There are 2 protein chains.
Amino acid sequence: MSCLNSINSPEDLKKLSPEQLPALAGEIRQTLIDRITITGGHMGSNLGMVEATIALHYVFDSPKDKFVFDVSHQCYTHKLLTGRKDGFVDPAHFYDYSGYTNPQESEHDHFLVGHTATSVSLATGLAKARDLKGETGNVIAIIGDGSMSGGEAFEGLNNAAMLNSNIIILFNDNEMSISPNQGGMYQNFARLRRSKGMAECNFFKSFGFDYFYVEDGNDVEQLLPVLRQIKDTPRPTVVHIHTQKGKGLAWAEADREAGHYAMPSGFDVSAFAGMESYDSITTELLLRKMEKDPTVITITPATATITGLTAEFRQKAGNQFVDVGIAEEHAVAFASGLAKNGAKPVLMITSSFLQRAYDQVIQDLALNGNPATILVYVNGLSPADATHCGVFDIPMLGNIPGLVCLAPAFKEEYISMLDWAVEQTETPVIIRVPSAVISSSTPVLTDFTKYQTVQQGGGIAILGLGSFFPLAQETGKLLEEKTRIQPTIINPRIFSALDKETLEQLKASHSIVITLEDGVRSGGFGEKIAAFYGASNMKVLSFGGDKEFSDRVPLETQYQKYHLTPLQIVSAIECCMKGSE
Amino acid sequence: MSCLNSINSPEDLKKLSPEQLPALAGEIRQTLIDRITITGGHMGSNLGMVEATIALHYVFDSPKDKFVFDVSHQCYTHKLLTGRKDGFVDPAHFYDYSGYTNPQESEHDHFLVGHTATSVSLATGLAKARDLKGETGNVIAIIGDGSMSGGEAFEGLNNAAMLNSNIIILFNDNEMSISPNQGGMYQNFARLRRSKGMAECNFFKSFGFDYFYVEDGNDVEQLLPVLRQIKDTPRPTVVHIHTQKGKGLAWAEADREAGHYAMPSGFDVSAFAGMESYDSITTELLLRKMEKDPTVITITPATATITGLTAEFRQKAGNQFVDVGIAEEHAVAFASGLAKNGAKPVLMITSSFLQRAYDQVIQDLALNGNPATILVYVNGLSPADATHCGVFDIPMLGNIPGLVCLAPAFKEEYISMLDWAVEQTETPVIIRVPSAVISSSTPVLTDFTKYQTVQQGGGIAILGLGSFFPLAQETGKLLEEKTRIQPTIINPRIFSALDKETLEQLKASHSIVITLEDGVRSGGFGEKIAAFYGASNMKVLSFGGDKEFSDRVPLETQYQKYHLTPLQIVSAIECCMKGSE
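Treat the numbers as computed from the prediction; the structure is a model and nothing was measured. (Residues numbered from 1 in each chain as written. Chains lettered and ligands numbered in written order. Predicted model: local features only at pLDDT ≥ 70, side-chain atom pairs only at ≥ 80, totals over all residues.)

**Q** I'd like to hear about the nonpolar core, residue by residue, with values.
**A** Residues Ile514(A) and Ile514(B) are the most contacted members of the largest nonpolar core, which totals 362 residues. Dropping the residues within four chain positions of it, Ile514(A) is found in contact with Ile460(A), Ile462(A), Leu463(A), Leu541(A), Phe543(A), Ile569(A) and Ile573(A). (Core = buried A, V, L, I, M, F, W, Y, C linked by C-beta atoms within 7 Å. Buried ≥ 20, exposed ≤ 12 C-beta atoms within 10 Å, placed from the backbone. Contact = placed C-beta atoms within 7 Å.)

Below you can see the structure in the form of structure tokens.
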């Protein structure tokens, strides 16, 4: 008989006997495997946390006791136990819930998170508020060993240890980040595992935490007594549990990096085989450079696979590849130091994770003018979770002095930019890596501070930045069809400075300028163009995303909403022309 | 006979016998005291590092061996020993050099820094580049215990420990941040001091560093043998030295917080006594609130004094005040957690340090919509060091969705905004705290999403944001005098959203809009206004700082350069009017 059938809330769970919990864990594990295999999702991290999540909900009383999941790559069992089982057992509801915790889904979720290393600080805030209000209850941060390398987690630990009150850090040690862990602290975790938590030199004790070790974190029988013992502790406490990433799924256990995230069924990787991608274009160019020049070095903050740095690449690159772990601040400062001392660093990072190193980009890099290259991946409007959308990097980077920020439209242009960025010794360079590879026969203009006029027309000029250049071309074509006006089409390529000469020249024979950018308009490229023409008669219409968080909204819906289809843009132009008549 | 006279470079220093070094230290200490007493500067931190800096330059060979000073509050002796003695002994040159390391001053300085916790990561980059180039030499990061609480330092340590090569962390433990240290790790440092470095539970060893302890870091005789022993070590190594902050200056030794930074001589604190400041306005309001409501809580990231949180305030606030240490990321996430659980947190932070928590503001706070209040101090154009200028916060914050960002112009408005921000439960609120307190008899419009029209005129509208509102008034007055046009004067108050209704209404009877903002124009307030009017006939002239780093440039010089005087603005308006005729 199925235990899972009867479980729709933590209260239901508590009706089971401890002896029934392993069977329940088995059912949940199989449910997760079946569902993730179809939908895709964080497989390995979730499979490792099944027993611990059951034990937490069995011993503690959520939502009075508050669980804060770090990055929430491991929250599926929690979701399943807190009223969202349909999202895992009923295919009709598989896509109802996000892959991350979300307070809008349940009172058992306290934060919408998707970036790492935040749980301890957030939990410390919950706990301190509890104390100020004179309330009781446990606050439990659940954080994996991979997340532990982020500076925010460390700042949180340092402060949580001083709380002088109840806060519990459940440290889920599966010996892996997405990739293998990087950093000195992991030697200590290994030592703690080897000594079954008894080693005197203990990272957590050095902060002053009470410390408990659970050797098999996938064994409910080992977990329950420890959790019962620390429930309602008046002291900052760490429970270090050792779990198996990918537990119960042979291939995910065997290849824990690949098993971290499963693609949806029907997703045919072979369909992409041989297809050109910016991943392969980039790694091939960099490998050629690294062979010739031992000072070329690639850096990833624990997201090698997302940026195309395959196991094969890493093996070939050898000591010219560094995974700094989840540590974006260090990654940028490290790159600056490398460049200062004559090396040629290339940091590959997603747009939303680079947000974590904003001050390092300003102070450690731009202010110092060191010639590091940063490739920004997963940028622009996307159907991703709100936590992973890359729509803010144009305002984030384009308004910092001392950076050259480039947005290539074509493969040939990207290669030329990357080649130049790595070899020059004057300035930090940011390159926004497009997603779709498009070739162009137009020769690449190698002075990247200049806009490139791809079609000379009159009356209307359309500036399509980076991955939105094709949209400029499509819009221009439609405009010509509808109005017989042949517009000027410009590939601006740079978003850290205006090409004032080109913009000035447009005044002579143009009355409307259209800007298109793949990101929020607010603080971005188009507003600068509008301000440039502010005192002139030029009309400027800027298109891009609204300033808002977009959570798993299909791209086509966003394009419609933000008036980013050629038809909508042409309509706006026609409307503006009428207004100007 | 003076040793100091003969010293103009590290080579000169090496000619002295070890026995002469204490006398040299005495001379340098007196020189620093004399100079800082006149010029102002970081007194306590520099006095504590005299002997260690001498010992470093005596044993190592800069610039081949590279010293990276964290935040560089402690670099004066280094500057004095590396060709910049005139800046300390000759009053004519007292202002030639900045208070921080700066590669433009000397080949012995490798980075321009002024934010904390960066040295280990930057040094790791230098060291890795050295290895890639097949060179030799030592890389030494010099970091204080205060800086150690920053997440970037931790990320750096975690990675430095894995370098498998030479990197030396000189850990200067003076038992103080600017304020007393906060955090669990400091218990471990105390334990290490008590055990003379012998305690088994050792924060640094937990990362895998080789570890050495020097009990009296102000004793050259104790320092030299340890530094000689570790020179050219092939291993990541920590040297923990225990020093006396403010050493040799009685008042700075006695009050190490006050002694951290000395004001210039002639700076008469009593002249400010009784003068109203936003510090006292804020703390008085918050203390009143805290008395009535135990959930109101103030947070500082180790910069209590800068934001007016005096010892008296802290004592009165009790457990409703938290110093999280130098840990801006934690500070923001902590505030979000507090707000989520029903407390009313007010984080007080300088503009340039908030840059360190950009992603936490986006993800941990704004995306979650928790009603925390952040007061941004030291914002706007200033004659400060480039590292401390607060000119980027309007673009940094104004382009993030989910925040209400306010810029009050008047005392009454500020009080009303702060009161509202703390009590409301809907949204995170940012308030840009002005520097000069100006009162206004105009009633405060309490719907802060609306611009306030303070003078209704025609033809030209001047929008002066926050601390630049008085400039709007002055400019308006001058314009009226010169042209007899009475402009509309608007106090916009909010920079996270446009008051489209007011802006739309201006179209009826205005042809020129002027925007004034105290920060870089790029990505800021004015560009949004220009974009709003992009398709209309309205002319928009935006004034603010250029997108550049401004290093100790007098404010008047900046105002002239950026055309921010009323005369320059009126000239630009006249020029625009002629163009429009």
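From this point, the discussion proceeds with the structure in view.
**Q** I'd like a rundown of the environment of Glu276(A), residues and numbers included.
**A** Residue and element names in this part refer to chain A. You can see Glu276 is positioned in the loop between α12 (256-259) and α13 (278-292). Taking the C-alpha atoms as reference, Glu276 lies 9.9 Å from Lys411; in sequence the two are 135 residues apart. Other than its neighbours up to four places away in sequence, Glu276 contacts Ile281 and Val437. (Helix = DSSP H or I, 4+ residues; strand = E, 2+ residues; numbered from the N terminus.)

**Q** So what's going on with the relation of the copies chain B and chain A? Residues and values would help.
**A** Once turned by 180 degrees and shifted 0.0 Å along the axis, chain B lies on chain A with an RMSD of 0.0 Å. Taken together, the rotation and translation describe the operation of a two-fold axis. Most of the interface of chain B is mirrored in chain A, where 100% of its interface residues again form contacts. (Least-squares fit on C-alpha atoms with pLDDT ≥ 70 in both.)

**Q** Which residues make up the sheet that holds strand β14 (residues 488-491) of chain A, and what values go with them?
**A** All names here are of chain A. In spatial order, the strands read β12-β14-β13-β15-β16; together these five strands make up an open sheet with mixed pairing. Each of the sheet's edge strands pairs with one partner strand only, and the pair in question is β12 (452-455) and β16 (539-545). Each strand axis lies, on average, 25 degrees off the axis of its neighbour in the sheet, ignoring direction. The sheet contacts of helix α21 (residues 500-509) involve β12, β13 (459-464) and β15 (510-520), and relative to β15 the element is tilted by about 140 degrees. Sheet strands in contact with helix α22 (residues 525-532) are β13, β15 and β16, and its direction is about 170 degrees off that of β16. (Pairing = 2+ DSSP bridges. Axes fitted to C-alpha atoms, helices over the stretch in contact; angles between N-to-C directions.)

**Q** Give me the lowdown on the interface of chain B and chain A, citing residues and values where you can.
**A** Between chain B and chain A, the contact holds 95 residues from the first and 95 residues from the second. Taken together, the residues that form the side of chain B that touches chain A break down as 38 nonpolar, 40 polar and 17 charged. (Nonpolar A, V, L, I, M, F, W, Y, C, P; charged D, E, K, R; others polar.)

**Q** Residue-level account of the sheet that holds strand β7 (residues 321-323) of chain A, with values.
**A** Residue and element names in this part refer to chain A. Strand order across the open sheet formed by six strands is β7-β6-β8-β9-β11-β10, with parallel pairing between neighbours. Since the sheet does not close on itself, it has two edges, and those belong to β7 and β10 (404-406), each with one partner. Between one strand axis and the next, the sheet turns by 20 degrees as a mean value, whatever way the strands run. Judged from the four bridges that link them, strand β6 (residues 296-300) and strand β8 (residues 344-350) form a sheet pairing that is parallel. Each residue of the ladder has a partner; that of Ile297, found in β8, is Pro345. Relative to β6, α13 is tilted by about 140 degrees, and along the sheet it contacts β6, β8 and β9 (373-377). In the packing of helix α15 (residues 328-340) onto the sheet, the strands contacted are β6 and β8, and the crossing angle to β8 comes to about 160 degrees.

**Q** A description of the pairing of β14(A) should follow, citing residues and the corresponding values.
**A** Successive residues of a regular strand alternate their side chains across the two faces of the sheet. Residue and element names in this part refer to chain A. The alternating pattern of β14 places Thr488 and Ile490 and Ile489 and Asn491 on opposite faces, both of which are buried. Here β12 runs beside β14; their pairing, made up of three bridges, is antiparallel. Among the inter-strand pairings, Thr453 is bridged to a residue of β14, identified as Ile490. Each parallel crossover has a hand, and the one from β13 via helix α20 (residues 469-483) to β14 is right-handed. (Right-handed = clockwise from strand over helix to strand, strands pointing away.)

**Q** So, the domain arrangement of chain A: which residues are in play, and what are the values?
**A** All names here are of chain A. Looking at chain A, the domain boundaries give domain 1 (4-259), domain 2 (272-432) and domain 3 (452-580). Placing a centre on the C-alpha atoms of domain 1 and another on those of domain 2 gives a separation of 32 Å. Taken together, the contact pairs 20 residues of domain 1 with 15 residues of domain 2. Among the residues making up the side of domain 1 that touches domain 2, the classes are represented as five nonpolar, 15 polar and no charged. (Domains from an automatic or database assignment.)

**Q** If you had to explain helix α7 (residues 119-132) of chain B to someone new, which residues and values would you point to?
**A** Residue and element names in this part refer to chain B. Along its 14 residues, α7 runs 20 Å from first to last C-alpha, staying within 8% of the 20 Å computed at 1.5 Å per residue. In terms of residue burial, α7 counts as a mostly covered element, since 14 of its 14 residues are buried. Just downstream of α7, Gly134 is the residue with a positive phi angle, here 70 degrees. (Expected span 1.5 Å × (residues − 1).)

**Q** Outline the pairing of strand β2 (residues 139-144) of chain B, listing residues and values.
**A** Residues and elements named next belong to chain B. Most of β2 is tucked away: six of the six residues are buried. Across the two faces of β2 the burial is the same, with Val139, Ala141 and Ile143 and Ile140, Ile142 and Gly144 all buried. Judged from the four bridges that link them, strand β1 (residues 66-69) and β2 form a sheet pairing that is parallel. Bridge pairing links Phe67 to Ile140 in β2. Taken together, the five bridges between β2 and strand β3 (residues 167-173) define a ladder with parallel strand orientation. Bridging across to β3, Ile140 finds its partner in Ile168. For the handedness criterion, the β-α-β arrangement of β2, helix α8 (residues 151-160) and β3 is classed as right-handed.

**Q** With reference to specific residues and values, describe the packing of helix α13 (residues 278-292) of chain B against helix α19 (residues 411-423) of chain B.
**A** Residue and element names in this part refer to chain B. It is the contact of α13 with α19, at a shortest axis distance of 11 Å, that shows an interaxial angle of 35 degrees. Considering how the two elements wind past one another, α13 and α19 form a crossing that is right-handed. Here Tyr278, Ile281, Thr282, Leu285 and Lys289 of α13 lie close against α19, whose contacting residues are Lys411, Tyr414, Ile415, Leu418, Asp419 and Val422. For the contact of α13 with α19, a count of residues per class yields seven nonpolar, one polar and three charged. (Left-handed = near helix turned anticlockwise from the far one by under 90°.)

**Q** Break down the packing of helix α7 (residues 119-133) of chain A against helix α8 (residues 151-160) of chain A for me, with residues and values.
**A** Residue and element names in this part refer to chain A. Two numbers describe how α7 lies on α8: the axes approach to 7 Å, and their chain directions differ by 35 degrees. From α7, Val120, Ser121 and Thr124 reach across to α8, where they touch Glu152, Ala153, Glu155, Gly156, Leu157, Asn159 and Ala160. Within the contact of α7 with α8, the residues separate by chemical class into four nonpolar, four polar and two charged.

**Q** Just give me the short version of the environment of Leu397(A), but keep the residues and values in it.
**A** Residue and element names in this part refer to chain A. Secondary-structure assignment places Leu397 in helix α18 (residues 393-398). In this structure Leu397 comes out as buried when scored by C-beta crowding, with 25 C-beta atoms within 10 Å. With 96 residues separating them along the chain, Leu397 and Arg493 place their C-alpha atoms 14 Å apart.

**Q** Now, about α8(B): what can you tell me, with residues and values included?
**A** Note that an α-helix has 3.6 residues per turn; residues three or four places apart therefore point the same way. Where burial is concerned, most of α8(B) is hidden: 10 out of the 10 residues are buried. Along α8(B), the positions that sit buried rather than exposed are Gly151(B), Glu152(B), Ala153(B), Phe154(B), Glu155(B), Gly156(B), Leu157(B), Asn158(B), Asn159(B) and Ala160(B).

**Q** Give me the lowdown on unusual backbone geometry, citing residues and values where you can.
**A** Cis geometry is adopted by the peptide bond preceding Pro63(A), which originates at Ser62(A) and carries an omega value of 10 degrees. By the element assignment, Pro63(A) lies in the loop between α4 (50-59) and β1 (66-69). At Glu175(B), a position not held by glycine, the phi torsion is positive, near 65 degrees. With respect to the element layout, Glu175(B) can be found in the loop between β3 and α9 (185-194). On the neighbour-count criterion, Glu175(B) (17 C-beta atoms within 10 Å) is partly exposed. Residue Asp232(B) is not a glycine yet carries a positive backbone phi of 65 degrees.

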